[in-house]
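Okay, here's what each chain looks like letter by letter:
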Amino acid sequence: QGNEAEVAAFSVPSYACQRRTTLENHNTVLTDALSLLAENAELSEEDGRGVAFRRAAAVLKALPKPVASMTQLRGLPCLGEHSLRVIKDILENGASSEVESTKQSERYKALKVLTGIFGVGARTADRWIRDGIHNLRQLQDSGPTLNRAQQAGLEHYDDLNQPVSKSDADAIGEVVEKAVVSVLPGAHMTLIGGFRRGKLTGHDVDFLITHPEEGREVGLMPKLVSWLESQGFLLYQKTTRNSYLESKDGPARPASNMDRFERCFSIFKLTKEEKRGTKHPETLTENGTKPAGHKPWRAVRVDLVVSPISQFAFALLGWTGSKLFERELRRWAGHEKSMSLSSHALYDNRQSKYLRATSEEEIFAHLGLEFVPPSERNA
Ligand code: DCP
Ligand code: MG
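The structure displayed is predicted, hence computed values, not measured ones. (Residues numbered from 1 in each chain as written. Chains lettered and ligands numbered in written order. Predicted model: local features only at pLDDT ≥ 70, side-chain atom pairs only at ≥ 80, totals over all residues. Heavy atoms only, no water.)

Chemist: Account for the pattern of salt bridges, with residues named and values stated.
Modeler: In this structure the tally under the stated criterion is 23 salt bridges. One salt bridge in this structure joins Lys275 and Asp168, with 3.8 Å as the shortest N-O distance. Of this pair, Lys275 sits in helix 14 (residues 272–276) while Asp168 sits in helix 11 (residues 166–183), and the two are 107 residues apart along the sequence. Here Asp168 falls in the buried class, since its relative accessible area comes to 7%. A single network of salt bridges, built from pairs that share partners, joins Arg20, Glu370 and Glu376. (Salt bridge = Lys/Arg side-chain N within 4 Å of Asp/Glu carboxyl O. Helix = DSSP H or I, 4+ residues; strand = E, 2+ residues; numbered from the N terminus. Buried < 20%, exposed > 50% of the residue type's maximum accessible area, 1.4 Å probe, protein only.)

Chemist: Describe the confidence of the model for the protein chain, naming the residues involved and giving the relevant values.
Modeler: Low-pLDDT stretches of the model should not have their predicted coordinates read in fine detail. Per-residue confidence for the protein chain gives a mean pLDDT of 91; residues scoring 70 or more make up 89%. Here the prediction assigns the complex a pTM of 0.91, and the interface score ipTM is 0.96. (pLDDT = per-residue confidence, 0-100.)

Chemist: Which residues make up the site of ligand 1, and what values go with them?
Modeler: Taken together, the neighbourhood of ligand 1 is formed by 14 residues, with Gly194, Lys199, His203, Asp204 and Lys323 sitting nearest. His203 places a polar side-chain atom, nitrogen or oxygen, 2.8 Å from an oxygen atom of ligand 1. At a separation of 3.5 Å, an oxygen atom of ligand 1 approaches a polar backbone atom of Gly321. Bound to the protein, ligand 1 loses 76% of the 550 Å² it would expose on its own. Elements with a contribution of two residues or more to the shell around ligand 1: helix 12 (193–196), helix 15 (312–320) and helix 16 (323–337). If one sorts the elements of the shell around ligand 1 by residue count, helix 15 sits on top with three residues. The residue inventory of the shell around ligand 1, partitioned by class, reads one nonpolar, seven polar and six charged. (Near = heavy atom within 4 Å. Polar contact = N/O pair within 3.5 Å; in protein donor to acceptor, adjacent residues only side chain to side chain. Areas by Shrake-Rupley, 256 points an atom, 1.4 Å probe, with all protein chains shown as cover. Nonpolar A, V, L, I, M, F, W, Y, C, P; charged D, E, K, R; others polar.)

Chemist: Could you give an account of the coordination of the magnesium ion (ligand 2), naming the residues involved and the relevant values?
Modeler: Protein-derived ligands of the magnesium ion (ligand 2) are Asp204 (OD) and Asp206 (OD), with the metal-ligand distances lying across 2.0 to 2.2 Å. Neither residue differs from the other here; Asp204 and Asp206 are each classed as buried. (Donors = N, O, S within 2.8 Å, 3.2 Å for Na, K, Ca; no water.)

Chemist: Quick one: what's the story with the sheet that holds strand 7 (residues 297–306), residue by residue and with numbers?
Modeler: Strands sit in the order 2-4-7-6-5 across an open sheet of five strands; the sheet is mixed. Only two strands of the sheet have a single partner each, and these edge strands are strand 2 (188–192) and strand 5 (234–240). Adjacent strand axes in the sheet meet at a mean angle of 25° when their direction is disregarded. Bridge analysis of strand 4 (residues 205–210) against strand 7 gives five bridges, and the strand direction is parallel. Bridge pairing links Phe207 to Leu304 in strand 7. Helix-sheet contacts for helix 9 (residues 148–155) involve strand 5 and strand 6 (262–271), and the interaxial angle to strand 5 is about 150°. On the sheet, helix 13 (residues 220–230) packs against strand 4, strand 5, strand 6 and strand 7 and is oriented at approximately 170° with respect to strand 5. (Pairing = 2+ DSSP bridges. Axes fitted to C-alpha atoms, helices over the stretch in contact; angles between N-to-C directions. Contact = heavy atoms within 4.5 Å.)

Chemist: Can you lay out the state of the cysteines for me, pointing to particular residues and giving the numbers?
Modeler: Taken as a whole and judged by the stated rule, the model has zero disulfides. In this model Cys17 remains outside any disulfide bridge; the closest cysteine sulfur is found in Cys78, 11 Å from its own. (Disulfide = S-S within 2.5 Å.)

Chemist: Residue-level account of the nonpolar core, with values.
Modeler: Burial of nonpolar side chains together is a common tendency in soluble globular proteins. If you look at the biggest cluster of nonpolar residues, it comprises 37 residues, and the most contacted ones within it are Leu34, Leu60, Leu63, Leu73, Leu76 and Trp128. Looking at this core, the elements that each hand over two or more residues are helix 2 (28–43), helix 3 (47–61), helix 4 (81–93), helix 6 (106–115) and helix 7 (122–130). Examining the composition of this core, we find that seven residues originate from one element, helix 2, more than from any other. Val164, Leu191, Phe195 and Phe207 belong to the second-largest nonpolar core, a separate cluster that totals 32 residues. (Core = buried A, V, L, I, M, F, W, Y, C linked by side-chain atoms within 4.5 Å.)

Chemist: Help me get a handle on the packing of helix 3 against helix 16, residues and values and all.
Modeler: Running from N to C, helix 3 and helix 16 point in directions that differ by 100°, and their axes come no closer than 11 Å. Taken together, the axis directions place helix 3 and helix 16 in an arrangement best described as roughly perpendicular. Contacts from Val51, Arg54, Arg55 and Ala58 in helix 3 reach Leu324, Arg327, Glu328 and Arg331 in helix 16. The residue inventory of the contact of helix 3 with helix 16, partitioned by class, reads three nonpolar, no polar and five charged. (Parallel < 35°, antiparallel > 145°, perpendicular 65-115°, else oblique.)

Chemist: Provide a residue-level description of the sheet that holds strand 10 (residues 353–354), including the pertinent values.
Modeler: Overall, antiparallel pairing links the three strands, which are arranged 8-9-10 in an open sheet. Looking at the sheet topology across the chains shown, the edges are occupied by strand 8 (339–341) and strand 10. Bridging between strand 8 and strand 9 (residues 346–348) involves three bridges; their strand directions are antiparallel. Looking at the pairing, Met339 lines up with Asp348 of strand 9.

Chemist: Describe the pairing of strand 7, and please don't skip the residues or the numbers.
Modeler: Most of strand 7 is tucked away, with nine of its 10 residues classed as buried. In terms of strand pairing, strand 6 meets strand 7 through 10 bridges, oriented antiparallel. The residue bridging Phe265 from the neighbouring strand is Asp303, located in strand 7.

Quick look at the structure:
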């Protein structure tokens, strides 16, 4: 105890994309606390504060061992006054009074319950709370108009608030893969999001689909969705067009890219048959020990993204996450390299040109960053 190695200050580079952040976190008590304050800020539409807490939590996730004293934090980036106060409170008192009171607050609890409905964001939840709606019962009783997404979200509330396991993700992957190759032979699907980073559970399952021949992916999404719908796999779906050209902050792209990048937000019906694979039909029979009303399927949020092969590396990098890692990559590109990075392209403002890439490795090289594999992007 108290030897030099233990009191030595940690050293961490300031951008999350310069760090290797695995799922092994030695400071979960501290990072859970800061993440809760980040979430509360985001739910209150205070994004600046939210990012500050996320960055502070990410720095602690990258430390090689538990923080034992405040002196070890000297010189670490992204730890503002507020985050340091929370950390100090936990190190000295075992808990943060701010975190505890936030957790207990009626407003936080209501925001959590209401935004737990698929299709309900912070703004809608806030409006409902001001109308006296704090829980699902009050929501059903006072009956504000719900859109199609929110109706589906409410209907599948319990399922969608259960974590999705990797084996569920793989079972859905098999179905989506089958759908993809049936509607477009040669097309290819990749698991993205948290599961690509090695997480064992997630709030949804994300897939990226492309075709090795540029342009062949056009029109794929509607066909894929029709196939899945015809087989009864979709409880809800909404497909959005590529909004890249319409965005004000990205450089303009040739009009030919207009319809090539699409996203489908869906609620997938995962049956026992898919979960277990069809190889053991005898396991499909109900054994009678299940609680009454137990249904032989669960609802899972699934996001599908289609990208042309020319943008595939950017889409893969942009959809693998974590959200903070992505944000930090874009901040690094802009602030340190005068480049703009999106899930579609990398633009070099100094050379006034797009930088091509066919792999994630090439994008990191363009950005002057060491390659960080997906399993180390868990910032
Ligand atoms: N993404 C992003 N910014 C957003 C939405 C998504 O950068 N506003 C990217 C990064 C995410 C990926 O897309 O990792 C998938 O989004 P999810 O919300 O599904 O996040 P994860 O898959 O990382 O987490 P979870 O395990 O909760 O699904
Ligand atoms: Mg996900």
